[in-house]
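Analysis of the macromolecular model
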Amino acid sequence: MTDVTLQDVRKEFDGVVAVKNIDLQIPDGAFVTVVGPSGCGKSTTLRLIAGLEQATEGTIQMGDQEVTGVEPKDRDVAMVFQNYALYPHMTVRRNITFGMKSAGDFSDEEIDRQVEEATAVLDIDDLLDRKPGELSGGERQRVALGRALVRDPEVFLMDEPLSNLDAKLRIKMRAELAKLHSEFETTTIYVTHDQTEAMTLGDRVVVMNDGRIQQVDSPQRLYDYPETRFVAEFIGDPAMNMLSVDISRDGTEYEAVGPSFRIPLPEADGLETAAGAKALLGVRPESLSVADSADRSSFPAEVTVTEPLGDSLLLECRTGDQEFKLHAEPRTAVEPGDRVPLTVETERLHLFDPQTGEAIYHAAAAQSPEVTSTVDSTI
Amino acid sequence: MLGSLLTALTAAVERSQSAGRTTSERIRRFETEQLTLHVLAATVVFLIVLPVLIAALVSTKRAGIVTSIGDLVPGGHALSNYRRALIGLEFWRFMLNSFVMSVAVVVGKLIVSLLAALVIVYYRFPYKNAVFLFILFTLLLPVPVRFVPLYRLTTELGMNNTFFAITVPYLASATTVFILRQHFLSIPASLVETAKVDGVGPLRFLWSVLIPMSRAVLVGVSVIMFVYTWNQYLWPLVIINAESLQVAQVGLNLLRGQASTGEVAWSMVMTGSILTLLPPLALLVLFRRQLLETFTIQQK
């Protein structure tokens, strides 16, 4: 176990910048997930930490040792790949021990004991003499995990390890990964494009886009206090609605004014600077609801699409030329084309700068004195 | 003749693959198509095999002069002809030389090509693609162009008339490097990366991962290389003087001279030809599956 520090790390491939000078600190024993759309540089970041790519600029440190130019084998990391990367001609046992024997710092008894332990934990001890071709996807992934476990590395690196599994198995393996981490407490860096995976697994979630780190935070804070429009729209499904509004001020009262609505904004930091200008109002679909009757606090919207999800009814609505989604109560009697009154949970509103996309205001900050960390990515 | 037959054959194969409309129509069409297909295939095979068949027949006769169809009846001298060629005229020695030469070339070529492909695929070094292109470029130089310089080089090194002269010049093979490179590129990069992270060295990776994963391809190229080396004629003829070191293809020519009355002993020549044909044929039959896999010409 060790901590990992990236300082001003940049990676270029033939002039294309994949990672743009990022700083990241991963504490000893943490489970950190890195999430972002494809091409955002998350896998490159992981490969830089593994040593499979060399940084163009910047330094990478593990513990108190700088490893920037060090060969992968000397970094004491173990990596799990999306396609499992099992050697097809070797049995499960040999797949697991092949790397151990190469490293040469294990005795034969130690290898046997480690294999026994790891395969028992992963419940693959009865598959040891089979070849990868005879295993299911889930079993193969366990073998790949077992191979990483037995090495007993300082850091686990996982590159979308669950992406090739079907949805049900993915959820099961997700829980097992979390269990494994709480058991071994090895520093783990986990790359995924799936925000649910990132949120459920990580103590800390790193959101990346376009080669830059957007935000590093705990899953809940990431959801509640997105620092950029990108994070707000990336985390949460369906995505946070963005409505362009004007911020009007009347004494100490602030309001977000749209084409057909005026939504009062609770007092919190950032409102003063926003006042009198255009902004993007961020509202999560679950913060909107259909009101029983139209009154002063509601605003009308036209339903365009209804999607019954069972536990809720997803409505796509329109007001003026702005479209947004909301989770209504299941079995609400609405049809496309209906005009319904909507109310907003005002404590869950956000404002973003329309140009830079940076968050200006979180209504909930009024309740939470602890202000979220800035984008310096220190966890 | 053969060309037009082959065209007809491919056309028939294509037609048989395009489906008919109704099931019964499809079955009927399938049957007639299959019949044409088989007749065509049989004709092509017959035409290709015919010379070999005649050679086999002639090798069973005493003199082996064929002037009419009647002369193609099998003769009764098969056993004595083969015994005379192999033991009496010591053809076994040429065959043994050919065999040793072919095995040495195959093994040497495999080692050189595997290492070359390993470096070209998995190492980062400047002008890597240029190096690979240069290797491919050697394919553009036909053997006769290399003949004179190679002859001078070999004699100046004092290697002429030795076993090295008929093996060393064959060890580098652009074709094998190319085939192995393409195969290595098809192996997922994550396998190499796992090995790198786990600290598996390049030679161990080659031995424990690449070679076992390339078994079929290696067998395939080995067979091709063996047949190619076995069939070498001109270079051994030029560079080897001692009859005791000579190879089978050249040895055939020596059999020609074994005529009792000044005529060419065709039955002896054909006996030798059939003998020379057997080892490559055996290999092709034994390893046909791997061969097809290597060159992926089988229908999936």
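The structure displayed is predicted, hence computed values, not measured ones.

Thresholds applied
Residues numbered from 1 in each chain as written. Chains lettered and ligands numbered in written order. Predicted model: local features only at pLDDT ≥ 70, side-chain atom pairs only at ≥ 80, totals over all residues. Heavy atoms only, no water. Helix = DSSP H or I, 4+ residues; strand = E, 2+ residues; numbered from the N terminus. Buried < 20%, exposed > 50% of the residue type's maximum accessible area, 1.4 Å probe, protein only. Contact = heavy atoms within 4.5 Å. Areas by Shrake-Rupley, 256 points an atom, 1.4 Å probe, with all protein chains shown as cover. Lys, Arg positive; Asp, Glu negative; His and termini not counted. Charge placed at Lys NZ, Arg CZ, Asp CG, Glu CD. UniProt positions renumbered as here; feature names shortened; annotations may be inferred. Domains from an automatic or database assignment. Buried area = accessible area lost by both parts, 1.4 Å probe. Salt bridge = Lys/Arg side-chain N within 4 Å of Asp/Glu carboxyl O. Polar contact = N/O pair within 3.5 Å; in protein donor to acceptor, adjacent residues only side chain to side chain. Nonpolar A, V, L, I, M, F, W, Y, C, P; charged D, E, K, R; others polar. Patch = residues over 30% accessible without salt bridge, like charges linked within 9 Å, V, L, I, M, F, W, Y side chains within 5 Å. Core = buried A, V, L, I, M, F, W, Y, C linked by side-chain atoms within 4.5 Å. Pairing = 2+ DSSP bridges.

Attention shifts here to the overall build of chain B. Along chain B, the regular secondary structure elements total 14 helices and zero strands. Overall, the C-alpha framework of chain B stretches about 75 × 70 × 35 Å when taken along its three principal axes. Within chain B, the fraction of its 300 residues that count as buried is 37%. Residue pairs at least 24 apart in sequence account for 74% of intrachain contacts in chain B once pairs closer than 6 positions are excluded. Approximately 17200 Å² of chain B is accessible, and the part contributed by carbon and sulfur atoms is 69%. Measuring between centres, the 23 positive side-chain charges of chain B sit 4 Å from its 12 negative side-chain charges.

This part takes up the overall build of chain A. In terms of helices and strands, chain A carries nine helices and 21 strands. Viewed in the frame of its principal axes, chain A has a C-alpha envelope of about 75 × 45 × 40 Å. By the burial criterion, 51% of the 379 residues in chain A qualify as buried. Considering only residue pairs separated by 6 or more positions, chain A has 66% of its internal contacts joining residues 24 or more positions apart. Looking at chain A as shown, the accessible area adds up to about 17100 Å², and 44% of this sits on carbon and sulfur atoms. Treating the 36 positive side-chain charges of chain A as one cloud and the 68 negative ones as another, the clouds have centres 5 Å apart.

So, about the UniProt feature "transmembrane region" (unreviewed entry) in chain B. Residues and elements named next belong to chain B. Residues given the UniProt feature "transmembrane region" (unreviewed entry) here are residues 37–58, 99–125, 131–151, 163–185, 205–226 and 264–287. End C-alpha atoms of residues 99–125 are separated by 38 Å, and the span's content is 89% helix alongside 0% strand. As a span, residues 205–226 carries 95% helix and 0% strand, and end to end its C-alpha atoms are 26 Å apart.

Time to look at the domain arrangement of chain B. Residue and element names in this part refer to chain B. The domain boundaries assigned to chain B delineate domain 1 (2–83) and domain 2 (89–295). If you average the C-alpha positions of domain 1 and of domain 2, the two centres end up 31 Å apart. Across the boundary between the two partners, domain 1 contributes twelve residues, which contact nine residues of domain 2. Between domain 1 and domain 2 lies a buried interface of about 830 Å² when both sides are counted; carbon and sulfur atoms form 73% of it. When the buried surface of domain 1 facing domain 2 is broken down by residue, Ala55, Asn81 and Tyr82 rank first, second and third, together holding 46% of it. Here domain 1 is connected to domain 2 by zero salt bridges. For the pair domain 1 and domain 2, the number of links is one residue pair in polar contact (both at pLDDT 80 or more). At the level of secondary structure, the elements contributing two or more residues to the side of domain 1 that touches domain 2 comprise α2 (23–58) and α3 (78–88). Looking at the side of domain 1 that touches domain 2 element by element, the count peaks at four residues for α2. Here the side of domain 1 that touches domain 2 is built from residues that sort into seven nonpolar, three polar and two charged.

Moving on: a negative patch on the surface. Residue and element names in this part refer to chain A. Residues Asp108, Glu109, Asp112, Glu116, Asp123, Asp125 and Asp126 make up a contiguous surface patch of negative charge. Relative to the assigned elements, aspartate 108 resides in helix α3 (residues 108–122). For aspartate 108, a relative accessible area of 52% gives the class exposed.

This brings us to the pattern of salt bridges. If you walk through the whole model with that rule in mind, you get 20 salt bridges over all chains. In this structure, A:Asp246 and A:Lys278 form a salt bridge, with 3.1 Å as the shortest nitrogen-oxygen distance. Of the two residues, A:Asp246 is situated in strand β11 (residues 241–250) and A:Lys278 in strand β14 (residues 278–283); the sequence distance between them amounts to 32 residues. The exposure class assigned to A:Lys278 is exposed, which follows from its relative accessible area of 59%. Of the charged contacts, one joins B:Arg289 and B:Glu293 as a salt bridge, the two residues approaching to 3.3 Å between their closest N and O atoms. In this pair, B:Arg289 and B:Glu293 are both assigned in helix α14 (residues 288–295), four residues apart and thus about one turn of the helix distant. What makes B:Arg289 exposed here is its relative accessible area of 52%.

As a further point, take the interface of chain B and chain A. The interface is formed by 18 residues belonging to chain B together with 23 residues belonging to chain A. Each partner contributes to the roughly 1700 Å² buried at the junction of chain B and chain A, and carbon and sulfur atoms together form 60% of this total. Of all residues in chain B, B:Glu193, B:Val197 and B:Asp198 bury the most surface against chain A, accounting for 33% of the area lost on that side. Connecting chain B to chain A are two salt bridges. At the boundary of chain B with chain A, the tally comes to five residue pairs in polar contact (both at pLDDT 80 or more). Within the residue set of the side of chain B that touches chain A, elements represented by two or more residues are α8 (189–198) and α9 (202–213) of chain B. The element that contributes the greatest number of residues to the side of chain B that touches chain A is α8(B), accounting for eight residues. When grouped by side-chain class, the residues that make up the side of chain B that touches chain A number nine nonpolar, four polar and five charged.

Let's shift gears to the nonpolar core. With 73 residues, the main nonpolar core has A:Leu157, A:Ile189, B:Tyr122 and B:Phe205 as its most contacted residues. By residue number, the principal contributor to this core is helix α4 (residues 91–122) of chain B, which donates ten residues. Beyond its immediate chain neighbours, meaning those up to four positions away, A:Ile189 contacts A:Val4, A:Ile26, A:Val32, A:Val34, A:Leu46, A:Ile49, A:Val155, A:Phe156, A:Leu157 and A:Met158.

A separate point is the pairing of strand β3 (residues 31–35) of chain A. Residue and element names in this part refer to chain A. Counting buried residues along β3, five of its five residues qualify, which places the element largely inside the surrounding structure. The side-chain alternation of β3 yields two buried faces, one formed by Phe31, Thr33 and Val35 and the other by Val32 and Val34. For β3 and strand β8 (residues 187–192), the ladder comprises five bridges, and the chain directions are parallel. Note on β8: the bridge partner recorded for valine 35 is threonine 192. Both β3 and strand β9 (residues 204–209) contribute to a ladder of four bridges, which runs parallel.

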